[in-house]
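One-letter residues, chain by chain:
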Amino acid sequence: MEAIRCRNAEAWLACCAMVGAAAESVLLAIAITKEGDEERVLRAYHGNRGRQAVLNMIVGKADAHRRNTLTTFAGIVSLWRDDAAHGRASPIDTSNADEALRQLLHMCQWVAREWNNLTA
């Protein structure tokens, strides 16, 4: 909802950063459910290359299609969260915000369909 509010306020970078945060939350939820150990997942996440470590927990033994699909979706995390975190001036506009929201929607729909496979 925060991403939508930012988009409606024409705060394009904030919208994209919120999309990245939401996607990151989805990845953490999958990993915590799969591993059954929230502390372990969060320790890995806060460690060196934490986002990749969490992604590996989820798709390390997954088939190529699921691994590639989730890795592609995870790209919206690094793209927008990293841009916002470094405070750089950004040429982001409405098309970027709308595309980020579209990608998040598709990620969430796919994860909902694949939840049992991803968390097994």
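Shown above is the structure to which this text applies.
No experiment lies behind these values; they were computed from the predicted model shown.

Participant: Looking at this structure, how should I read the overall build of the protein?
Facilitator: For the protein, the helix and strand inventory stands at 6 helices and 0 strands. The secondary structure elements of the protein, listed N-terminal to C-terminal, are α-α-α-α-α-α. Burial status across the protein gives 36% buried among its 120 residues. The contacts in the protein between residues at least 6 apart in sequence include a share of 68% that link residues at least 24 apart. Carbon and sulfur atoms make up 51% of the accessible area of the protein, which amounts to about 6900 Å² in all.

Participant: Looking at this structure, how should I read the packing of aromatic side chains?
Facilitator: The relative placement of two aromatic rings is captured by the distance of their centres and the angle of their planes. Inspection of the entire model under this criterion finds 1 aromatic pair. For the ring pair F73 and W110, a centre distance of 5.9 Å and an interplane angle of 45° mean the geometry is tilted. Of this pair, F73 sits in helix α5 (residues 64-85) while W110 sits in helix α6 (residues 94-119), and the two are 37 residues apart along the sequence. Take F73: its relative accessible area is 16%, and that puts it in the buried class.

Participant: So what exactly am I meant to see when it comes to the side chain of T119 here?
Facilitator: For T119, the location among the structural elements is in helix α6. Within the structure, T119 has its side chain in polar contact with the backbone oxygen of W115 (distance 2.8 Å). Ignoring any residue separated from it by four or fewer positions in sequence, one finds T119 in contact with I30, T33 and K34.

Rules used throughout
- Residues numbered from 1 in each chain as written.
- Predicted model: local features only at pLDDT ≥ 70, side-chain atom pairs only at ≥ 80, totals over all residues.
- Heavy atoms only, no water.
- Helix = DSSP H or I, 4+ residues; strand = E, 2+ residues; numbered from the N terminus.
- Buried < 20%, exposed > 50% of the residue type's maximum accessible area, 1.4 Å probe, protein only.
- Contact = heavy atoms within 4.5 Å.
- Areas by Shrake-Rupley, 256 points an atom, 1.4 Å probe, with all protein chains shown as cover.
- Phe/Tyr/Trp six-rings, centres within 6.5 Å; stacked < 30°, edge-to-face > 60°.
- Polar contact = N/O pair within 3.5 Å; in protein donor to acceptor, adjacent residues only side chain to side chain.

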